[in-house]
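Spelled out, the chains give:
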Amino acid sequence: NISWGHAISPDLVSWAISTDPILTPATKYDRLGVFTGCLQATDAFGQPGALTAIYTSVSHLPIRYTLPYTLGSESLSLAVSQDGGKTWERQTCNPFLTGPPPHLNVTGWRDPFITTWAEGPLSKHTPSTLYGFVSGGISKKTPTVFVYTVQATDLSKWEFIGPLIDVGLNLHPSRWSGDYGLNWEVANLMTLTNDTTSRDFIIMGAEGCVPFESSNQDAAQEARRRREPRGQF
């Protein structure tokens, strides 16, 4: 019964927390969970003065990257609030996306996140383009983010443009770090800029990582192997 709670704050220090959740499993498409998503400060059609929640609606469990993916278990849905988040109305278009791109065998597909992206693939031609990110992975290939374009005037209109990145399975970028795992969750994008340079950053949860101790042992063994003299042939 994963649900959404509600809290408000005038200063991000003190919080008034609602005692009851404001979005709970209630329909056929989200009867087993209202999972992670994001907020837009508009209604579903891009008009200001409301809030729109875009969330993962779950109708089948268990969901885990180690299990074969059940199509239709995760979908994307909308709910709109006209009173600052106290009450929410699910939209008649729900679920507006019923699952991942059909040609891909995924390990997960959830946690929608909407953002603008100055260096996005379509932004140079249309700077106001909205992008939708859905976290997950492609089975036996890579964890990734599935990237969509989103119509600002209708938040139920998403068009898939491709996976964000292919890093392979369990990419281990350095001997001091863990790895990138097999499946990603709750991925967000941010861009940091100084006077001359901008860099995009993805912040995500990584599932299926090799235990840190094992990773370090493997890295140490590889370092020793590289130092050992080799015979001449």
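Thresholds, definitions, all that
Residues numbered from 1 in each chain as written. Predicted model: local features only at pLDDT ≥ 70, side-chain atom pairs only at ≥ 80, totals over all residues. Heavy atoms only, no water. Salt bridge = Lys/Arg side-chain N within 4 Å of Asp/Glu carboxyl O. Helix = DSSP H or I, 4+ residues; strand = E, 2+ residues; numbered from the N terminus. Buried < 20%, exposed > 50% of the residue type's maximum accessible area, 1.4 Å probe, protein only. Pairing = 2+ DSSP bridges. Axes fitted to C-alpha atoms, helices over the stretch in contact; angles between N-to-C directions.

A.B. asks: What is the right way to read the pattern of salt bridges from this model?
C.D. replies: If charged atoms from side chains of opposite charge come close, those side chains can pair. Throughout the structure, instances matching the rule amount to five salt bridges. D30 is the partner of R90 in a salt bridge, and the nearest nitrogen-oxygen pair spans 2.9 Å. Of this pair, R90 sits in strand β6 (residues 89–90) while D30 is found in the loop between β2 (16–17) and β3 (33–40), placing the two residues 60 residues apart along the sequence. Across the pair K141 and D166 runs a salt bridge whose closest N-O atoms are separated by 3.9 Å. Of this pair, K141 sits in the loop between β8 (130–138) and β9 (142–151) while D166 is found in the loop between β10 (154–163) and β11 (183–193), placing the two residues 25 residues apart along the sequence. We classify K141 as partly exposed; its relative accessible area is 44%. Salt bridges sharing common partners tie together E74, R110, E185 and E207.

A.B. asks: Would you explain the pairing of β10 in this entry?
C.D. replies: Every other side chain in a regular strand lies on the same face of the sheet, so the side chains alternate between the two faces. The pairing of β9 with β10 spans six bridges and is antiparallel. Across the sheet, V147 pairs through a bridge with G162, a residue of β10.

A.B. asks: When you look at the sheet that holds β8 in this model, what are you seeing that I'm missing?
C.D. replies: The sheet built from four strands is open, its strands ordered β7-β8-β9-β10 with antiparallel pairing. Among the strands making up the open sheet, the edge pair consists of β7 (106–116) and β10. Strand-to-strand twist of the sheet, defined as the mean angle between neighbouring strand axes without regard to direction, takes the value 30 degrees. Both β7 and β8 contribute to a ladder of eight bridges, which runs antiparallel. Opposite I114, over in β8, you have G132 as the bridge partner.

A.B. asks: Quick question: what am I supposed to make of the sheet that holds strand β4 (residues 51–58) here?
C.D. replies: Each strand in a sheet pairs with another by means of backbone hydrogen bonds, the pair being arranged parallel or else antiparallel. Strand order in the open sheet formed by four strands is β3-β4-β5-β6, with antiparallel pairing between adjacent strands. Edge positions in the open sheet fall to β3 and β6, since each of these has one partner strand only. In this structure, β4 lies alongside strand β5 (residues 74–81), joined through eight bridges in antiparallel fashion. In the sheet register, S57 faces β5, and the bridge partner there is S75.

A.B. asks: What is the right way to look at unusual backbone geometry in this model?
C.D. replies: Backbone geometry follows two general trends: most residues other than glycine have a negative phi, and most peptide bonds adopt the trans configuration. For the bond running from L61 to P62, omega is 0 degrees, close enough to zero to count as cis. Within the element layout of this structure, P62 appears in the loop between β4 and β5. Of note in the backbone geometry, D111 takes a positive phi value of approximately 70 degrees without being a glycine. Take D111: it is sitting in strand β7. A relative accessible area of 4% places D111 in the buried class. Within the chain, N170 stands out as a residue other than glycine whose phi angle is a positive 55 degrees.

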